[in-house]
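# Structural features, examined
Chain by chain, the residues:
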Amino acid sequence: MSLPTPTLHTARLRLRPFGDADTDALFALHSDAHVLRYWDAPPWSEPARAGRFIAACRQMAADGTGARLAVDRDAGGAFIGWCSLTRWNPGYRSAELGFCFAGAAWGHGYATEAARALLHWAFGTLDLNRVQAETDTRNAASARVLEKLGFVREGTLREDCVVNGEVSDSWVYGLLERDWSGANTGG
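No experiment lies behind these values; they were computed from the predicted model shown.

Let us now look at the overall build of the protein. Across its full length, the protein holds 5 helices and 8 strands. Secondary structure of the protein in N-to-C order comes out as β-β-α-α-β-β-β-α-β-α-β-β-α. Relative to a compact globule of 187 residues, whose C-alpha radius of gyration would be 16 Å, the protein shows 16 Å and is just as compact. Counting over 187 residues, the protein shows a buried share of 44%. Contacts spanning at least 24 positions in sequence make up 61% of the contacts within the protein whose residues lie at least 6 apart. A total accessible area of about 9,300 Å² is found for the protein, and carbon and sulfur atoms account for 50% of it. Averaging the locations of the 19 positively and 22 negatively charged side chains of the protein gives two centres separated by 3 Å.

This is the structure we're talking about:
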C-alpha cells in the first residue's frame, strides 16, 4: 500500500515532497559537518548521494512505510531542511519522527513548527497510537524540539552509535496519540 506524501502549510513553512530540483540544496545540507555533527552517518562527500536520498523518499512512499518532506520557508521558498515520518507500521500503529535543518535555520522554531504539522497530519491520517524519536544525548536542541512537541524521554540507548569516530549514546522519546490529542485540543 502506497502512502501519498502530503503537502502541508504552516504559518511560515511549506512541507512538500522532494523533487529532483532539490538535489543541490539537499547535498549542501548533508555535506555540512557542523549540521551533521550528531548524526549517525558522516557528512556526504559525493553529490550523487542527494539523488539516491530523493529516490529513497519516493520508494518509502511507494512502499507505504513513511513520508519524508522537504521544508521551505514560505517567504521566498528557500529550502531549509526536511522532516520525516518513517517506519510506519499500521499493525503496531507506530512510526518514527526525524528531522534535519540547515544551521542558518536553527533557533527560529522551524523544526518544531514543521514537526508539529507533520505530526498533526500523521495522527489525523494514519491512525497512529505512538510516534518514537531518537537523538544523540549531546544534541540538546533536538531534545528541546521533541519535548516542546510533547514527547517524553523514555530511556537511553547506551553507546548505540559511532558519530565521527566517537561512541555516543541516544535518548529515546515517545509520543502517544492520547497525549498528542490532549495537548492539541486544549484538553
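Don't stop here, the text continues.
In terms of strand pairing, strand S7 (residues 152-163) meets strand S8 (residues 166-176) through 8 bridges, oriented antiparallel. In the strand pairing of S8, Arg153 is matched with Tyr173. Where S7 hands over to S8, the hairpin turn is made up of 2 residues, of which Asn164 adopts a positive phi near 50 degrees.

The next subject is the nonpolar core. Grouped burial of nonpolar side chains is what soluble globular proteins tend to show. Counting 39 residues, the largest nonpolar core has Leu97 and Phe151 as its most contacted members. Of all the secondary structure elements, the ones that give two or more residues to this core are strand S2 (13-17), strand S3 (67-73), strand S4 (79-89), strand S5 (94-101), helix H3 (110-125), strand S6 (130-136), helix H4 (140-148) and S8. Beyond its immediate sequence surroundings of up to four residues, Phe151 is in contact with Leu97, Leu119, Val131, Gln132, Ala133, Leu146, Tyr173, Gly174 and Leu175. If you look at the next biggest cluster of nonpolar residues, it comprises 14 residues, including Leu29, Trp44, Cys57 and Trp82.

Attention now goes to the side chain of Ser94. Relative to the elements of secondary structure, Ser94 occurs in strand S5. Exposure remark for Ser94: the relative accessible area of 17% places this residue in the buried category. Beyond its immediate chain neighbours, meaning those up to four positions away, Ser94 contacts Arg87, Trp88, Asn89, Leu128 and Arg130.

What follows deals with unusual backbone geometry. For residues besides glycine, phi is generally negative; the peptide bonds are generally trans as well. One non-glycine residue with positive phi stands out, namely Arg87, at about 55 degrees. Within the element layout of this structure, Arg87 appears in strand S4. A residue is classified by how much of its surface remains accessible, and Arg87, at 60% relative accessible area, is exposed. Even without a glycine there, the phi angle at Asp127 is positive, about 55 degrees. Along the chain, Asp127 turns up in the loop between H3 and S6.

Let us look at the packing of helix H1 (residues 23-30) against helix H2 (residues 48-63). With their axes 8 Å apart at the nearest point, H1 and H2 run at an angle of 105 degrees to one another. The pairing of H1 with H2 is recorded here as roughly perpendicular in orientation. Along its contact with H1, which presents Thr23, Leu26, Phe27 and His30, the element H2 presents Ala50, Gly51, Phe53 and Ile54. Residue composition of the contact of H1 with H2, by class: 5 nonpolar, 3 polar and no charged.

Attention now goes to H4. Within H4, burial applies to Ser142, Ala143, Val145 and Leu146. One side of H4 holds all its buried residues, which, seen down the axis, span an arc of 155 degrees. Turning to H4, the residues buried within the fold contact S5, H3, S6 and S8. Gly150 sits one or two positions beyond H4 and adopts a positive phi of about 100 degrees.

Before going further, it helps to spend a moment on the environment of Phe53. Counting through the fold element by element, Phe53 comes out in helix H2. The exposure class of Phe53 is buried, given its relative accessible area of 12%. It is 10.0 Å that separates the C-alpha atoms of Phe53 and Arg68, two residues lying 15 residues apart in sequence. Setting aside chain neighbours within four positions, we find Phe53 in contact with Phe18, Leu26, His30, Trp44, Arg68 and Trp82.

Rules behind the numbers
Residues numbered from 1 in each chain as written. Predicted model: local features only at pLDDT ≥ 70, side-chain atom pairs only at ≥ 80, totals over all residues. Heavy atoms only, no water. Helix = DSSP H or I, 4+ residues; strand = E, 2+ residues; numbered from the N terminus. Rg over C-alpha atoms; globule rule 2.2 N^0.38 Å. Buried < 20%, exposed > 50% of the residue type's maximum accessible area, 1.4 Å probe, protein only. Contact = heavy atoms within 4.5 Å. Areas by Shrake-Rupley, 256 points an atom, 1.4 Å probe, with all protein chains shown as cover. Lys, Arg positive; Asp, Glu negative; His and termini not counted. Charge placed at Lys NZ, Arg CZ, Asp CG, Glu CD. Pairing = 2+ DSSP bridges. Core = buried A, V, L, I, M, F, W, Y, C linked by side-chain atoms within 4.5 Å. Axes fitted to C-alpha atoms, helices over the stretch in contact; angles between N-to-C directions. Parallel < 35°, antiparallel > 145°, perpendicular 65-115°, else oblique. Nonpolar A, V, L, I, M, F, W, Y, C, P; charged D, E, K, R; others polar. Arc of directions from axis to C-beta.

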